Amino acid sequence: MKPIHLHRCLSVLLGVLLCLLPLALAACGGAAPGPATGDGATATEPAATPDTAATPDTPSAAATAPADKSVTVGLTTGPVHTIPVEYIDDVTTWVTQILYLPLMAQDDDGTYQPQLASSVESTDYKTFTVRLNPDAAWTDGTPVTADDVVFTMDVIANPQTKSVLASFITILEGVDEAGLIADGSGHVAGVQKVDDRTVTFTTKDIMGMDIFNDILSRRLSPIPKHIFADAALDTILQSPEFTRPTVTNGPYKLVSFDRGASAEFVANEAYFLGAPKIGKLNLKVVEGANLTAELQSGAIDMNSPYGSIPTTDYELIKSLDGITAAEGKMINMRYLYINNEVVADARVRQAMSLAIDREQIIASCFPGYGETTVMPFPNDFPYLNQAVAQPAYDPDEARRLVAEAGWDGGQALRLTSYNLPEVAQIIAQNLTAAGIPTEVDEVDWGTLSDKLFSAQYDLVLIGDTFTVTNTVSNLLFLYADGSNYNNYHNGELAALVNQIPTLTGEAEIADNYNKIQEMAALEVPSPSLYCTSRLLAASDRVISGGPKTFGMFLDAHNWDVR
């Protein structure tokens, strides 16, 4: 059977848009990816690490990483936890997958590269066969098997677990619209073990390979069944083995973890893809304004896609000896996330979008590295509905809508922001001038994510990364119960989003996107503001590896320094 039309279409888009794949937004010196939940535990003491072992044919069995070699990566948004069966934001997942490999991972050229899986194949684009790397092993020497994969899926989809990650697996047979096992069996019927190293995934509808890999392969990081088999599902997310993991399978093992601030790793000498060349990997959260100074001083060796260098510093970075700069892709979408229970009248939300001077934001914060948006797509997205996509700045119409809605401006709204003070101040001034008094609450990332997940906020500056291979992941974050945190409820719009992977004709794909954008423009649950590129740089002491928009840690075991 030939690949479905959507797959072909996305392959074309991949080339046109230089393979814009999902990560969280990094802009104006900071990053704020799309959020969700976690236990927020902090582990600052060294985690106990068991003796590692490797089978004789494991390529890394006899290798040793030089203990005196280390790399420090600067981020502006820190990881919140190390739980692979839970989701809170992309940077947390990115860090967690250093420990627990996903099945596949996205590389910077737009391809999906093997990690735990050696291949993902399908002949009918409904049943996907995943074959695990035969050398994959946990740090205690136990092989990674199909039982681990099936067990992990059953944990995620079990209603007792209450994992937000379940909302990403609704594509599978055997789960309901929330991604949960509904028949009481405790097992996802669409996930079946074939043999010790092979698993099949059956989806409810036909879909392209890229979409399957984006939705599932890159998000699924199996956990060791032999460690968690007896864990109570209602408390498994709080397990000490997650907050202080000792049995993992990635290139590095955790030494210490400070929520939202830092993480330290040592080489997994028995890593099945090869022992790391660097003994220590450190992740350090740095204020965006300090990234340049940290690079200059050598306190960090590189920044990351979750820590973009401020645009005001980038010309300096490009001129420095010993530092190599590399501009990333313009895919970082920033939104004004509105609590729709606080601002329930669509006219007021329309007024907010009209009141924001997006051009001023770009001119002040991102000159040369950003563009204004109003829909959740970059401006070169082929299905952009030009009739509703042009960012309008009309403060007079905004004031009229506010008056028509009878908005009570007696109490100011709180705009929560992390690492974007200038952008937040411009928005607050714009909204206040339109009759919606707004004050800025600049907080750390942990506080922002806690506020968002608990819906204890009015407005939030938040980001997501445009995904050409699967726009569903972006749109669900804005428009669908279970994946969004803005208290917006619209079953019709969510249904349109969920139809995207199943559409096969060019006309129906375009019609679907048009309807989504028309409805979003009318109800404005969380307007898009702008799109920026990531500004990356690394010290020249790094001779292998370095910052990439996607797949930065794909080959972390091959990183090396002078």
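Higher on the page you've got the structure.
Residues numbered from 1 in each chain as written. Predicted model: local features only at pLDDT ≥ 70, side-chain atom pairs only at ≥ 80, totals over all residues. Heavy atoms only, no water.

Draft legend 1. Representation of the overall build of the chain in the model. If you tally the helices and strands in the chain, you get 17 helices and 21 strands. Put simply, the chain has 562 residues, and 61% of those count as buried. Long-range contacts, defined as pairs at least 24 residues apart, comprise 75% of the intrachain contacts of the chain with a sequence gap of at least 6. (Helix = DSSP H or I, 4+ residues; strand = E, 2+ residues; numbered from the N terminus. Buried < 20%, exposed > 50% of the residue type's maximum accessible area, 1.4 Å probe, protein only. Contact = heavy atoms within 4.5 Å.)

Draft legend 2. Summary view of the pairing of strand E12 (residues 280-285). As paired elements, strand E3 (residues 70-75) and E12 share 6 bridges and run parallel to each other. By the bridge assignment, Thr72 is partnered in E12 with Asn282. Two strands pair when backbone bridges link them, and strand E11 (residues 262-267) and E12 are joined in this way by 5 bridges, in the antiparallel orientation. The partner of Glu264 across the bridge, within E12, is Asn282. (Pairing = 2+ DSSP bridges.)

Draft legend 3. Seen up close, the nonpolar core. In terms of nonpolar packing, the biggest core is built from 79 residues, with Leu103, Leu172, Phe201, Phe265 and Trp559 touching the most fellow members. At 8 residues, the largest contribution of residues to this core is made by helix H3 (residues 146-157). Setting aside anything within four residues of it in sequence, one finds Phe265 in contact with Val95, Ile98, Leu99, Tyr252, Lys253, Leu254, Val255, Gly279, Lys280, Leu281, Asn282 and Leu283. Judged by nonpolar contacts, the second largest core, of 44 residues, contains Leu384, Trp445, Val460 and Leu478. (Core = buried A, V, L, I, M, F, W, Y, C linked by side-chain atoms within 4.5 Å.)

Draft legend 4. Just the sheet that holds strand E8 (residues 191-195), in detail. Pairing in this open sheet of 4 strands is antiparallel, and the strands run E6-E7-E9-E8 from one edge to the other. At either margin of the open sheet sits one strand with a lone partner, and together these are strand E6 (117-121) and E8. Mean inter-strand twist for the sheet, computed between neighbouring axes without regard to direction, equals 20 degrees. Pairing of E6 with strand E7 (residues 127-132), which is carried by 4 bridges, proceeds in the antiparallel orientation. Residue pairing across strands places Ser119 opposite Arg131, the latter belonging to E7. Contacts from H3 reach E7, E8 and strand E9 (198-202) within the one sheet, and its direction differs from that of E8 by about 175 degrees. On the sheet, helix H4 (residues 209-217) packs against E6, E7 and E9 and is oriented at approximately 135 degrees with respect to E6. (Axes fitted to C-alpha atoms, helices over the stretch in contact; angles between N-to-C directions.)

Draft legend 5. Quick look at the pattern of salt bridges. Within the structure shown, the criterion is met by 18 salt bridges. Across the pair Glu294 and Lys284 runs a salt bridge, and its minimum N-O distance is 2.8 Å. Here Lys284 lies in strand E12 and Glu294 lies in helix H7 (residues 291-297), a separation of 10 residues in the sequence. Across the salt bridge formed by Asp345 and Arg347, the nearest N and O atoms sit 2.7 Å from each other. Asp345 gets classed as partly exposed once you look at its relative accessible area, which sits at 25%. Given a relative accessible area of 29%, Arg347 falls into the partly exposed group. A cluster of three or more residues bridged by salt bridges with shared partners is formed by Asp345, Arg347, Glu397, Arg400 and Glu404. (Salt bridge = Lys/Arg side-chain N within 4 Å of Asp/Glu carboxyl O.)

Draft legend 6. View of the environment of Ile278. Relative to the assigned elements, Ile278 resides in the loop between E11 and E12. It is 7.4 Å that separates the C-alpha atoms of Ile278 and His557, two residues lying 279 residues apart in sequence.

Draft legend 7. Structural view of unusual backbone geometry. The backbone of Lys162 shows a phi angle near 60 degrees, a positive value even though the residue is not glycine. Tracing the backbone shows Lys162 in the loop between H3 and E8.

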